[in-house]
Amino acid sequence: MSEMTQTATKPHIERSATASRTYTIFVIIGLAALILAPMFFYPIFLMKLLCFALFACAFNLLLGYTGLLSFGHATFFGGAAYFTAHVVKEWGFPPELGILTGVVGAALLGLIMGFFAIRRQGIYFAMITLALSQMFFFFCLQAEFTQGEDGIQSVPRGHLFGFIDLNSSTNMYYFVLGVFLIGMVIIWRFINSPFGMILRSIRENEPRAISLGYSVARYKLGAFVMSAALAGLAGGLKSLVFQFATLTDVAWQMSGEVILMTLLGGIGTLIGPIFGAGLVVTLQNYLATSQFPVTIVTGVIFMVCVLVFRRGIIGEFYASRLGRKLGFEHRR
Amino acid sequence: MTMIFGIPLQAFLGQLLIGLINGSFYALLSLGLAVIFGLLRVINFAHGAQYMLGAFAAMLMLEYFGINYWVALILGPIVVGLFGAIIERTMLSRLYDLDPLYGLLFTFGLALTIEGTFRYLYGAAGQPYAVPAQLAGGTNLGFMFLPIYRGWVVVVSLVACIGTWLLIEKTKLGAYLRAATENPVLVQAFGVNVPVLLTLTYGLGAALAAFAGVLAAPIYQVSPLMGTNIIIVVFAVVVVGGMGSIMGAIITGYMLGIAEGLTKVFYPEASNIVIFVIMAIVLLLRPAGLFGRDA
């Protein structure tokens, strides 16, 4: 476990003062870009990007900062999409409550899956999460409320807090951006909290963490639930953006996609998954209009990343000469 | 008509047979996974894709070269095994020093690529592959009707499983493999070419998957998606059995196949999740798996 993270990640807290300054500047530039983006790009595309970016960051919380590879995160993303869509459409919940329902549902699913999965480590953990996620897929295929192959269609976006009309795509965009930023701040706080430090110590050396008296299983479960809840936030949001929830969101391909986004962007970097998600979503949009199947491209990128590009875009940037000059560190 | 637990005996035995057949494929595939994992420490996600390649190899050989089932049963695994060996030599072998998770991710990408390519070329729909003439038809056993091909699959896969077990447990090559699993550096020091052994193992694993694929071609439709669907179930089988023992993988494969078949009789809605449920229960009671030494 630790080898994976040693090659691919570096806790960003060891950044120097220069790096902190650079980081702040980047964050400000990024924020400005996100606020102005709807003037230049199609809002639906941007919202999709933000949802997947948040999903990937939530996933990275587990892989990058705890060292657990989950192959079942589609369950939380897609599950929350179903929950949100259902309560908003059938029960008339307002959007904010709908998303909250999605988050709580995803957290519960995370609690159940985590309870089983943390009993094994490494690749077994990955296989168990994949199997349980497939089980949830079959459940969704047969359950009444998901409406099977059709999925839940034409979900109303409703009015945020009762007075902001989310059917306007500008309003919706800033709502999505707001939720995204809240999610990012939560993740940032979480990984820099004492809890996050302990998670990192588990990632680096689990036996040592145990010998220091930490209840490793409980911390792992906590991280798993946290990651699931945030993935649920992204999923619930997505079902409001696109106004539907379907089986695609809970299928294993989705779990693979989020792994690719994280790997491509940089495992264990705070902002890497955002870039990874951006690239993958752009690529999918681009290929959607062509005849060429996305799966082949995804598969090849996966193989190339694992073979020669394990640090990901942001990881490589941190390790590059420019990155080091700006004060970032990235150990091999 | 004879009844058993309120179910007609015919239906009961019919599902039992289907369970046994599925179990044969689970056993063959989880066996290959266990062999590869034992030596390479790689979970071969592409195992399902290699199984699919086997089925496609049989179909394409028949279509383009008129090669019949019996030859395909030998040739298909050889082709796919060679393909596997090339992949191992050129790419997978670069990942041995890293965390095993990278091997999983790499083979996942490989599986996506292979599956995507075949979907692109042949579409997602399944295509039929005829049962060879010698094994067509069925025989009445008195208490049930047995399609001969299905009986053949059960027998052949059992032979293949036991053959592999004998190869690994009883031959000199198997002894090298087991030794290299325990301590590759020492085995290398004794003059055994361990990298070649690794390539051979991966090729053998891929060939086993392809063998299962050729066997499966006349039973299931030959489709690009057949591999991934089965591999996720096989992962659950592997979690239940634990990958420490070859025999464990075989027994678990058959057991879970039969459990799945029986569920289809008594509670059909749950038949495609029953293996996952069993996996969860085993994780609760025996986290290391039924036959597992702790990983």
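S.K.: Which parts of the structure should I look at to understand the overall build of chain B?
M.R.: A count of helical and extended segments in chain B gives eleven helices and four strands. A compact globule built from 295 residues would reach a C-alpha radius of gyration of about 19 Å, and chain B, at 19 Å, matches this within 12%. Considered along the principal axes of its C-alpha atoms, chain B spans approximately 65 × 50 × 35 Å. Across the 295 residues in chain B, those meeting the buried criterion constitute 56%. The contacts of chain B with a sequence gap of at least 6 include a subset with a gap of at least 24, amounting to 78%. Accessible surface, chain B: about 11,900 Å² in total, of which carbon and sulfur atoms supply 70%. One way to put it: in chain B the 11 positive side-chain charges average out to a point 7 Å from where the 10 negative ones average out.

S.K.: How do you make sense of the environment of G38(B) when you look at a structure like this?
M.R.: Residues and elements named next belong to chain B. Relative to the helices and strands, G38 is located in helix 1 (residues 9-40). On the accessibility criterion, G38 (15% relative accessible area) is buried. Through-space distance from the C-alpha of G38 to that of I246 is 9.3 Å; in sequence the pair is 208 residues apart.

S.K.: I keep staring at the side chain of R157(A) and nothing clicks. Help me out?
M.R.: Residue and element names in this part refer to chain A. Assignment of secondary structure puts R157 in the loop between helix 6 (122-142) and strand 1 (159-160). One polar contact links the side chain of R157 to the main-chain carbonyl oxygen of L240, over a distance of 3.1 Å. A distance of 2.7 Å separates a polar side-chain atom of R157 from the backbone oxygen of V241. Beyond its immediate sequence surroundings of up to four residues, R157 is in contact with I44, M47, P95, L166, N167, S169, M172, L240, V241 and Q243.

S.K.: I would appreciate a short explanation of the state of the cysteines in the present structure.
M.R.: One way to say it: the disulfide is the covalent bond shared by the sulfur atoms of two cysteines. Residues and elements named next belong to chain A. Within the structure shown, the criterion is met by zero disulfides over all chains. A disulfide-free cysteine, C305 has its sulfur positioned 16 Å from the sulfur of C57, the nearest such atom. Taking relative accessible area as the criterion, C305 reaches 2% and is therefore assigned buried.

S.K.: Even after reading the chapter, I still don't get helix 9 (residues 226-241) of chain B, so can you show me in this structure?
M.R.: Quick reminder: α-helices carry 3.6 residues per turn. Residues three or four places apart thus point the same way. Taking 1.5 Å per residue, 16 residues should reach 22 Å; helix 9 of chain B reaches 23 Å between its end C-alpha atoms and fits that length. Where helix 9 of chain B ends, the next residue or the one after it, G242(B), has phi of about 80 degrees, a positive value.

S.K.: Quick question: what am I supposed to make of the side chain of N60(A) here?
M.R.: All names here are of chain A. When you line up the elements, N60 lands in helix 3 (residues 43-66). On the accessibility criterion, N60 (2% relative accessible area) is buried. Within polar-contact distance, the side chain of N60 engages the backbone oxygen of T269 at 2.9 Å. In this structure N60 touches Y65, T262, G266, I267, G268, T269 and P273, once residues within four positions along its chain are discounted.

S.K.: Would you mind going over the packing of helix 5 (residues 148-170) of chain B against helix 10 (residues 246-266) of chain B with me for this structure?
M.R.: Think of two packed helices as two axes; the pair is described by the angle between the axes and how far apart they sit. All names here are of chain B. The contact between helix 5 and helix 10 brings their axes to 10 Å, and the two run at 165 degrees. On the basis of the axis angle, helix 5 is roughly antiparallel to helix 10. Viewed along their axes, helix 5 and helix 10 form a crossing whose handedness is right-handed. Where helix 5 approaches helix 10, its residues V154, S157, L158, C161, W165 and I168 are matched on the opposing element by I246, M247, I250 and Y254. Looking at the contact of helix 5 with helix 10 residue by residue, the class counts come to nine nonpolar, one polar and no charged.

S.K.: Would you explain the interface of chain B and chain A in this entry?
M.R.: In many reports, interface size means the accessible area that the parts give up when they come together. Counting residues at the interface gives 46 residues for chain B and 43 residues for chain A. The contact between chain B and chain A buries some 4,200 Å² in all, and 79% of this surface belongs to carbon and sulfur atoms. Looking only at chain B, the three residues that lose the most surface to chain A are L101(B), Y102(B) and L105(B), adding up to 16% of its buried area. Where chain B meets chain A, there are zero salt bridges.

S.K.: Any chance you could explain the confidence of the model for chain B here in plain terms?
M.R.: One rule of thumb: low pLDDT means the predicted coordinates there are not for detailed reading. Of all residues in chain B, 97% attain a pLDDT of 70 or more, and the chain-wide mean is 87. With pTM at 0.88, the complex prediction returns an ipTM value of 0.85.

S.K.: Teacher, can you tell me more about the packing of aromatic side chains here?
M.R.: Between two aromatic rings, the relevant description is the distance of the centres plus the angle of the planes. Enumeration according to the criterion identifies 34 aromatic pairs over all chains in this entry. Here the aromatic rings of F45(B) and F108(B) are separated by 4.8 Å at their centres, their planes lie at 75 degrees, and the arrangement is edge-to-face. With F45(B) in the loop between helix 1 and helix 2 (47-65) and F108(B) in helix 4 (residues 100-122), this pair connects stretches of sequence that are 63 residues apart. In textbook terms, an aromatic cluster arises when at least three aromatic residues are bridged by ring pairs, as seen for F71(A), W252(A), F302(A), F45(B), F108(B) and F235(B). Directly above the aromatic system of F37(B) lies the positively charged group of R41(B), at a separation of 4.8 Å from the ring centroid.

S.K.: Sorry if this is basic, but what is going on with the packing of helix 10 of chain B against helix 11 (residues 274-285) of chain B here?
M.R.: Residues and elements named next belong to chain B. The N-to-C vectors of helix 10 and helix 11 enclose an angle of 125 degrees; their axes lie 9 Å apart at closest approach. As far as their axial angle goes, helix 11 and helix 10 are oblique. The handedness of the crossing between helix 10 and helix 11 is right-handed. Residue-level inspection shows L256, A259, E260 and T263 of helix 10 in contact with helix 11, the latter providing V274, I275 and I278.

S.K.: What is the right way to read the environment of P100(B) from this model?
M.R.: In this fold, P100(B) is placed in helix 4. Expressed as a C-alpha distance, the spacing of P100(B) and I21(B), which sit 79 residues apart in the sequence, is 31 Å. Beyond its immediate chain neighbours, meaning those up to four positions away, P100(B) contacts I123(A) and R41(B).

S.K.: Please explain the pattern of salt bridges as it appears in this structure.
M.R.: When the charged atoms of two side chains with opposite charge come close together, those side chains can pair. Residues and elements named next belong to chain A. All chains considered together, the criterion is met by five salt bridges over all chains. Note that K220 is salt-bridged to E206, the shortest N-O span being 3.2 Å. Linking K220 in helix 10 (residues 216-242) with E206 in helix 9 (residues 206-211), this pair joins segments that are 14 residues apart in sequence. In this pair, the class of K220 matches that of E206, namely buried. Put simply, E316 and R311 hold a salt bridge, and the shortest N to O gap is 3.6 Å.

S.K.: Looking at this structure, I do not really get helix 3 of chain A. What am I missing?
M.R.: Residue and element names in this part refer to chain A. The first and last C-alpha atoms of helix 3 sit 34 Å apart over 24 residues, in line with the 34 Å expected at 1.5 Å per residue. The sharpest bend along helix 3 comes to roughly 35 degrees, located at N60. With 23 of its 24 residues buried, helix 3 lies for the most part within the structure. Phi for G67, located one or two positions after helix 3, is positive at around 80 degrees.

Rules and cut-offs
Sequence order as written defines the numbering, with residues in each chain counted from 1. A letter from A marks each chain and a number from 1 marks each ligand, given out in the order of writing. Given that this is a predicted model, residues contribute local features only at a pLDDT of at least 70 and side-chain atom pairs are listed and counted only at 80 or more, while totals for whole chains, interfaces and linings are drawn from all residues. The basis for every side-chain value is the complete set of non-hydrogen atoms in the structure, without hydrogens or water. By the criteria applied, helices consist of DSSP H or I runs no shorter than four residues and strands consist of E runs no shorter than two, each listed in order from the N terminus. Only C-alpha atoms enter the radius of gyration; for comparison, a globular chain is expected to reach 2.2 Å times N to the power 0.38, where N is the number of residues. A simple rule labels every residue: compare its accessible area, found with a 1.4 Å probe on the protein chains alone, to the largest value its type can have, and call it buried under 20%, exposed over 50%, or partly exposed in between. We call two residues in contact whenever any of their non-hydrogen atoms come within 4.5 Å of each other. Per-residue accessibility takes into account occlusion by the displayed protein chains alone, with areas from the Shrake-Rupley method and a 1.4 Å probe. As used throughout, the charge tally considers Lys and Arg to be positive and Asp and Glu to be negative, leaving His and the chain termini uncounted. By convention, the charge on Lys lies at NZ, on Arg at CZ, on Asp at CG and on Glu at CD. Any pair of N or O atoms that falls within 3.5 Å is considered a polar contact. Within protein, one atom must be able to donate a hydrogen and the other to accept it, and sequence-neighbouring residues count only if both atoms are side-chain atoms. Any two cysteine sulfur atoms within 2.5 Å of one another count as a disulfide. Multiplying 1.5 Å by the residue count of a helix minus one yields the expected span of that helix. Axis definition: a line fit to C-alpha positions, over the contact stretch in the case of helices; interaxial angles, taken between N-to-C directions, run 0 to 180 degrees. Between 65 and 115 degrees an angle is taken as roughly perpendicular, under 35 as roughly parallel, over 145 as roughly antiparallel, and anywhere else as oblique. Left-handed describes a crossing whose near helix is turned anticlockwise from the far helix by less than a right angle; the clockwise case is right-handed. Only Asp, Glu, Lys and Arg are considered charged, only Ala, Val, Leu, Ile, Met, Phe, Trp, Tyr, Cys and Pro nonpolar, and every remaining residue, Gly among them, polar. Two parts placed together each lose some accessible area under a 1.4 Å probe, and the buried area is that loss summed for both. Any carboxyl oxygen of Asp or Glu within 4 Å of a side-chain nitrogen of Lys or Arg constitutes a salt bridge here. Per-residue confidence from the predictor is reported as pLDDT, a score between 0 and 100. Aromatic pairing here means that ring centres of Phe, Tyr or Trp (its six-membered ring) are within 6.5 Å. Orientation follows from the plane angle: under 30 degrees is stacked, over 60 is edge-to-face, and everything else is tilted. Only when the NZ atom of a Lys or the CZ atom of an Arg is both within 6 Å of the ring centre and within 35 degrees of the ring normal do we say a charge sits over the ring. To obtain the bend at a residue, axes are fitted to the seven residues ending there and to the seven starting there, and the angle between these axes is taken.

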